Amino acid sequence: MSRFAVETRDLSRRFGRRWALARINIQVEPGERFLIVGSNGSGKTTLLRILSTVLDATHGDLLLFGQPPGRDPSWTRAQLGLLSHLHNVYSDLSGPENIRVFLRLLGRGDEPVEPWFERVGLEVRPDPVRSYSAGMMKRLSFARLLSQKPQLALIDEPYGQLDPAGFGFVDELLTDLSESGTTVVVASHQVDRARMLCQRAILLDQGQLRWEGPAVDVARAWGALHG
Amino acid sequence: MQPALDGVVQGGEGFVYAVYALTWLTILGYTAFVLLTRGPR
Amino acid sequence: MNDKLWFVPLVLGLVALAVAHYGGLVMAPTEAMMGEVGRIMYAHVPTAWTGMLMGLVAFVFACGSLATSKDGWDIGTHASVEVATLLCTLLCIQGALWAKPTWGVYWDWDPRLTSTAILVLSFAGVLILRALVHDQGKRRIVTGVTTILAFVNVPITYYSVKWWNTLHQDMSSGSSIADEFKWSLYLGWLAMMLIAVGLVGLRSAGLMARLRREHGETALPKAKQKIELLAEKGGA
Amino acid sequence: MIFRQAIEIFRKDLLIEWRGKARFVALAVFAATILLMMSFAIGPNNKELQAHASGYIWIAVLLTSTQLLAGSFQSETEGGALEGLRLLPVFPPSLFYGKAIANWLFLVLLVVLVLPLSFALFDLSIQGSYGLLALVILLGTAGVAAPGTLYAALTARAPAQQLMLPLLLFPLLVPTLLAAVKVTALVFVGDPMGQAGGWLGLLACFDVVFWMFGGVLFWKLVES
């Protein structure tokens, strides 16, 4: 039994002949804000997808809340939420309808959806999500994530597609999430922004873990790696 | 040649040879394909 | 290496098939009702038995592939689906070449002919879909599912077409093979089975080699050295 | 739990189809166009058209169904919605049954919309019973919906989906097509010999097999 929210042992993933991720060992404490930094193709997204159980590892072990996700997949999935570059919503439905669908599937269909929209600063509108701007889509994805009330939030590029005003909003959301007890794992290449928000960080390069330490130092590690 | 509906089929040797030839062509052709696509060991 | 062992059944089968066909084509007497055309049976019946058995083999491989998630089973499914498709296509053409002089038409809605043609179509679909899907994990599942359903569908189609056809006169294929030449039929079947086994084996070996080249195991990279940050500002 | 989630998926598919009503209307018009083209292809001979009407109707349904089924998975893969569902504690067979039942309903609706047109085009009348007609519509479309949903999921991310789906699905549907066409014809011309029962039985068997197999195989597929 591990006391960590996320623990990996030599976690590795092969696509064809290429190892997108090799020998990743990380431990994330419950309630921690954990940052994953790396350039494009360094394996950030692959790692998050494996942590979210959408993708299987080729090698190594993953423990979520102390147990392998395969032991009780539906319990594990009830604990976690993923915000990926795909928005994971139905383009033909409106924002509120989307959130409603997800809530109903979670067995919480009688809860109101409006508070979540208020929380992410999105208007409750009846038009289909297809017509949303990229920024609105991002906010909707956040609303979906928050409404799931996850114990573990996996967030891929929270700042992507947002304007500077949106950056502050993301910071605030992530802080709130973690203050309510949720473990937050963030992958980003907005190093300067994200490091102020998180406690610990790892640096990925070509699928390998090259550095881990306090998040404030990640910019120096990045500098050391990329010269 | 005549269809069997009214007695014994007459002739049809061409069809017989065609069937046997086709059977061998298919088997040998596929064998050749398998051997050629085995690629470097 | 031991892939070469598959040549043993293949060559044995080819020799045996030559003997069996010599028996059917030259030695056997002319058939009473079908005349010379009756000789087609000595090539046709072994193809039919072998083709259907290879369909069954593909089905078994597909079940194994879904149950075990092992690439070996998947490759076996691909090879046996391919051989079954080939044999059943040959079977349909042989059938048509027999039907023309006997019934006066190339194609008849005979349940056996129709369900074989349906099997050929669905197996061909499996092979095409396989060629389009590149992720091996997904390809294994997709091949397994479609192969199983294609094979399960054969008996259902057979009985549906038979039923559909009941008003139609029942044409007997009347394969009254002379008893003393039954050996040619069985030898032909054994020969075809040996050939099919050899071909499936060789094809699997080739496919496996290709899979290894494209998706093969590559060693897990060694862990690179971690970056050390010096205490003072500026770092390494 | 399984049942409740299936209902939720079903509701969601209805909602999506309702939001994109134009697409369903287009499908119905497509089916109507096929019927019309059939009458042109066969010629102005009313007797001929009448005799084969049930075949034309089911072919129109079959051709339209591939578009409908492919569309039902396009809304899942576009924007990664299906992945979003997989991240929720949703039992995969519920997903299959929810979607299959929704597709079944749409196919029934399609037949109901297309039937009046074929009555006019092919000069049909009902000599058999209306109950039999309802039964063959329900069982026939069920036999398309279950394997169709499975195969649409299977081909959802393959290139050339519009081609691969019918290529794989149609050979599988031969028994369904035979039975559905036969019984529908008996509805139009009457069934003095009582042949319909056997064909309906075949249709029902096929349905049971595919509705059972479908859930299990779909599970395998989604978990890959």
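First, a word on scope: everything that follows refers to the structure included in this document. (Residues numbered from 1 in each chain as written. Chains lettered and ligands numbered in written order. Predicted model: local features only at pLDDT ≥ 70, side-chain atom pairs only at ≥ 80, totals over all residues. Heavy atoms only, no water.)

## Points about the interface of chain C and chain B
Here's step 1: At the interface, 42 residues of chain C touch 31 residues of chain B.
Here's step 2: With both sides pooled, the region where chain C packs onto chain B buries about 3,200 Å², and carbon together with sulfur makes up 75% of that total.
Here's step 3: Counting every contact that joins chain C to chain B gives 5 residue pairs in polar contact (both at pLDDT 80 or more).
Here's step 4: Residue assignment for the side of chain C that touches chain B shows that the elements contributing at least two residues are helix H1 (7-27), helix H2 (40-68), helix H3 (71-103) and helix H6 (182-215) of chain C.
Here's step 5: Broken down by element, the residue count for the side of chain C that touches chain B peaks at 12 residues, all from H3(C). (Contact = heavy atoms within 4.5 Å. Buried area = accessible area lost by both parts, 1.4 Å probe. Polar contact = N/O pair within 3.5 Å; in protein donor to acceptor, adjacent residues only side chain to side chain. Helix = DSSP H or I, 4+ residues; strand = E, 2+ residues; numbered from the N terminus.)

## Looking at helix H5 (residues 136-164) of chain C
Here's step 1: With 29 residues, H5(C) should reach 42 Å at 1.5 Å per residue; the first-to-last C-alpha distance of 40 Å fits that figure.
Here's step 2: For H5(C), the principal kink sits at C:Val154 and spans about 30°; a proline, C:Pro155, occurs within the next four residues. (Expected span 1.5 Å × (residues − 1). Bend = angle between axes of the 7 residues up to and from the residue.)

## Some points on the interface of chain C and chain D
Here's step 1: Across the boundary between the two partners, chain C contributes 24 residues, which contact 25 residues of chain D.
Here's step 2: A buried area of about 2,400 Å², summed over both sides, lies between chain C and chain D, and 83% of it is on carbon and sulfur atoms.
Here's step 3: Taken as a group, C:Leu149, C:Trp163 and C:Trp164 account for 23% of the area that chain C buries against chain D, more than any other trio of residues on that side.
Here's step 4: For the side of chain C that touches chain D, the elements supplying multiple residues, two or more each, are helix H4 (111-132) and H5 of chain C.
Here's step 5: At 14 residues, the largest contribution of residues to the side of chain C that touches chain D is made by H5(C).

## Brief notes about the pattern of salt bridges
Here's step 1: Applying the stated criterion across every chain yields a total of 27 salt bridges over all chains.
Here's step 2: A salt bridge links C:Glu36 to C:Arg39, with the nearest nitrogen and oxygen atoms 2.8 Å apart.
Here's step 3: On the basis of relative accessible area, C:Arg39 is assigned to the buried category, the value being 10%.
Here's step 4: Across the salt bridge formed by D:Asp13 and D:Lys99, the nearest N and O atoms sit 2.9 Å from each other. Pair noted here: D:Asp13 is in helix H1 (residues 2-19) and D:Lys99 is in helix H5 (residues 92-122), with a separation of 86 residues, a long-range link. With respect to class, D:Asp13 is no different from D:Lys99; both count as buried.
Here's step 5: Via salt bridges that share partners, D:Lys12, D:Asp13, D:Glu76 and D:Lys99 belong to a single interconnected network. (Salt bridge = Lys/Arg side-chain N within 4 Å of Asp/Glu carboxyl O. Buried < 20%, exposed > 50% of the residue type's maximum accessible area, 1.4 Å probe, protein only.)

## Re the nonpolar core
Here's step 1: Core analysis: the biggest nonpolar cluster contains 138 residues, and A:Phe142, A:Ile155, A:Leu174 and D:Tyr151 have the highest contact counts within it.
Here's step 2: Take this core: its biggest share by element is 13 residues, from helix H6 (residues 130-155) of chain D.
Here's step 3: Other than its neighbours up to four places away in sequence, A:Phe142 contacts A:Leu83, A:Val120, A:Ile155, A:Pro158, A:Phe169, A:Val170, A:Leu173 and A:Leu174.
Here's step 4: In this structure, C:Leu87, C:Val126, C:Ala196 and C:Val200 belong to the second largest nonpolar core, which totals 33 residues. (Core = buried A, V, L, I, M, F, W, Y, C linked by side-chain atoms within 4.5 Å.)

## A word on empty space enclosed by the protein
Here's step 1: According to the stated counting rule, one finds 4 cavities of 30 Å³ or more in the structure shown.
Here's step 2: One number sums up the size of the largest cavity: a volume of about 60 Å³.
Here's step 3: Looking at the largest cavity, the residues that line it are A:Arg77, D:Leu85, D:Arg86, D:Val90, D:Phe91, D:Pro92, D:Leu95, D:Val222 and D:Glu223.
Here's step 4: Secondary-structure elements contributing two or more residues to the lining of the largest cavity are helix H4 (81-86) and H5 of chain D.
Here's step 5: Its residues assigned to classes, the lining of the largest cavity shows 6 nonpolar, no polar and 3 charged. (1 Å grid on protein atoms, 1.4 Å probe; cavity = no way out; pocket = protein on both sides within 12 Å on 5 of 7 lines; lining within 4 Å. Points joined across faces, edges and corners; volume = space filled by probe spheres on them. Nonpolar A, V, L, I, M, F, W, Y, C, P; charged D, E, K, R; others polar.)

## Here we look at the sheet that holds strand S8 (residues 183-188) of chain A
Residues and elements named next belong to chain A.
Here's step 1: Overall, mixed pairing links the 6 strands, which are arranged S6-S7-S8-S4-S9-S10 in an open sheet. At either margin of the open sheet sits one strand with a lone partner, and together these are strand S6 (80-83) and strand S10 (208-214). Geometrically, the sheet is characterised by an average inter-axis angle of 15° between neighbouring strands, direction not taken into account. (Pairing = 2+ DSSP bridges. Axes fitted to C-alpha atoms, helices over the stretch in contact; angles between N-to-C directions.)

## Some remarks on the packing of aromatic side chains
The geometry of an aromatic ring pair is captured by two quantities: the separation of the ring centres and the angle between the planes.
Residue and element names in this part refer to chain C.
Here's step 1: A complete count under the given rule lists 22 aromatic pairs over all chains for this structure.
Here's step 2: Here the aromatic rings of Phe61 and Trp73 are separated by 5.8 Å at their centres, their planes lie at 65°, and the arrangement is edge-to-face. With a gap of 12 residues between them, Phe61 in helix H2 and Trp73 in helix H3 connect regions that are remote in the sequence.
Here's step 3: Seen in terms of ring centroids, Trp107 and Trp109 are 5.9 Å apart; in terms of plane orientation they differ by 75°. Their pairing is edge-to-face. (Phe/Tyr/Trp six-rings, centres within 6.5 Å; stacked < 30°, edge-to-face > 60°.)

## Digging into unusual backbone geometry
Residue and element names in this part refer to chain A.
Here's step 1: You will see that Asp10, though not glycine, has its phi angle at about 55°, which is positive.
Here's step 2: In this structure, Asp10 sits in strand S1 (residues 6-15).
Here's step 3: Classification of Asp10 by relative accessible area gives partly exposed; the value is 28%.
Here's step 4: Positioned with a positive phi, Lys149 is a non-glycine residue whose angle comes to about 45°.
Here's step 5: With respect to the helices and strands, the residue Lys149 is situated in the loop between helix H5 (134-147) and strand S7 (152-156).
Here's step 6: Using a relative accessible area of 48% as the deciding quantity, one classes Lys149 as partly exposed.

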